[in-house]
Amino acid sequence: MLSALAGMAFGLSLIVAVGAQNIFVLRQGLRREHVGLVAGICAVSDLVLISAGVGGLGTLVQRVPMVVEIARWSGAVVVLTYGGMAARRAWKGQQVVMGRHSMTSRTVGAAVATTLALTWLNPHVYLDTVVLVGGLAATHGDDRWWFGLGACVASTAWFVALGYGARYLAPLLEKPGAWRVLDSVVALTMVAVAATLILGA
């Protein structure tokens, strides 16, 4: 049980941060659009990656530097692309209707594709879940899977809270101008993430 609580605390310390994935979940929550699906994909993805890390994949990845480099550059391209899209929305502005639907609704396919891209093509996700969580879980010996379970619970709780809790911010974002500010923050954040990936190379 203590290992599970430790895993939960460590998982939250890693995931509660401003990043491309979290911002996308927040945006979908504000739009009230495919929230459960998006949060579910993020949570299941973390479950798979954390399980792989606890199972020992983190050590294998560290021994094959080329895998890390491919993930790094692919992630930079994806993040920059979505950052550019956010910058375009911020520049042009958009009409948004708070509620179940908006004037610029995203299809299920587009939501799924974006969520998968921002999750699986983001090297930071592998570093956090596979390498860091997996490495720390190994220090718990036979209780490492309890540690991993705690991290998975933390991840699921966070994405659900972020997606469904975002609606309470709706009154602050009723005007298109507020969305332009949000999209500007999204664009700057994604450019910053891409810069860290490129400079890290």
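Okay, so let's go over this structure.

Cut-offs applied
Residues numbered from 1 in each chain as written. Predicted model: local features only at pLDDT ≥ 70, side-chain atom pairs only at ≥ 80, totals over all residues. Heavy atoms only, no water. Helix = DSSP H or I, 4+ residues; strand = E, 2+ residues; numbered from the N terminus. Expected span 1.5 Å × (residues − 1). Buried < 20%, exposed > 50% of the residue type's maximum accessible area, 1.4 Å probe, protein only. Contact = heavy atoms within 4.5 Å. Salt bridge = Lys/Arg side-chain N within 4 Å of Asp/Glu carboxyl O. Core = buried A, V, L, I, M, F, W, Y, C linked by side-chain atoms within 4.5 Å. Phe/Tyr/Trp six-rings, centres within 6.5 Å; stacked < 30°, edge-to-face > 60°. Axes fitted to C-alpha atoms, helices over the stretch in contact; angles between N-to-C directions. Parallel < 35°, antiparallel > 145°, perpendicular 65-115°, else oblique. Left-handed = near helix turned anticlockwise from the far one by under 90°. Nonpolar A, V, L, I, M, F, W, Y, C, P; charged D, E, K, R; others polar.

If you check helix H6 (residues 108-120), its first and last C-alpha atoms are 18 Å apart, about what 13 residues at 1.5 Å a residue would give, namely 18 Å. Where H6 is concerned, the buried positions are Ala-111, Thr-114, Thr-115, Ala-117, Leu-118 and Thr-119.

We now examine the side chain of Gln-21. Along the chain, Gln-21 falls in helix H2 (residues 20-31). Aside from chain neighbours lying at most four places away, what touches Gln-21 is Cys-42, Leu-118, Thr-119 and Phe-159.

With that out of the way, let us pick up the pattern of salt bridges. The final tally for this structure, using the stated rule, is 1 salt bridge. Two residues, Glu-33 and Arg-31, come together in a salt bridge whose shortest N-O distance is 3.1 Å. For Arg-31, a relative accessible area of 5% translates into the label buried.

On to the nonpolar core, then. Of all hydrophobic cores here, the largest spans 24 residues; its most connected members are Val-25, Leu-30, Leu-118, Phe-159, Val-186 and Met-190. Elements that contribute at least two residues to this core include exactly H2, helix H3 (35-54), helix H5 (65-92), H6, helix H8 (144-165) and helix H9 (176-200). A per-element tally of this core places H2 first, with 6 residues. Beyond its immediate stretch of four places on either side in the chain, Phe-159 contacts Ile-15, Gln-21, Asn-22, Val-25, Ala-39, Cys-42, Ala-43 and Asp-46.

All right, on to the environment of Arg-106 then. Mapped onto the elements, Arg-106 comes out in the loop between H5 and H6. On a C-alpha basis, the gap between Arg-106 and Arg-31 in space is 9.6 Å, while along the polypeptide they are 75 residues apart. Those residues within four positions of Arg-106 in sequence are excluded, and the remaining contacts are Phe-24, Gln-28, Arg-31, Glu-33, His-34, Arg-89, Ala-111 and Thr-114.

A few words now on the environment of Leu-116. Mapped onto the elements of the fold, Leu-116 is located in helix H6. In sequence terms Leu-116 and Ser-45 are 71 residues apart; their C-alpha atoms lie 8.5 Å from each other. In this structure Leu-116 touches Ile-41 and Leu-121, once residues within four positions along its chain are discounted.

On to the packing of aromatic side chains. Any pair of aromatic rings gets described here by the distance separating the centres and the angle formed by the planes. Applying the stated criterion across every chain yields a total of 1 aromatic pair. Centre to centre, the rings of Trp-120 and Tyr-126 are 6.3 Å apart; their planes meet at 65°, and the pair counts as edge-to-face.

Another point: the packing of H3 against H6. The N-to-C vectors of H3 and H6 enclose an angle of 30°; their axes lie 10 Å apart at closest approach. Between H3 and H6, the angle is such that the two are roughly parallel. Regarding H3 and H6, the two cross each other, and that crossing is right-handed. Residues Leu-37, Val-38, Ile-41, Cys-42, Ser-45, Val-48 and Leu-49 of H3 lie in contact with H6, whose contacting residues are Val-108, Ala-111, Val-112, Thr-115, Leu-116, Thr-119 and Trp-120. By residue class, the composition of the contact of H3 with H6 is 11 nonpolar, 3 polar and no charged.

Contact geometry of helix H7 (residues 123-138) with H8 gives a least axis separation of 8 Å together with a crossing angle of 145°. The crossing of H7 and H8 is right-handed. Between H7, through Val-133, Leu-136, Ala-137 and Ala-138, and H8, the contact on the second element is made entirely by Arg-144, Phe-147 and Ala-151. Residues belonging to the contact of H7 with H8 are distributed by class as follows: 6 nonpolar, no polar and 1 charged.

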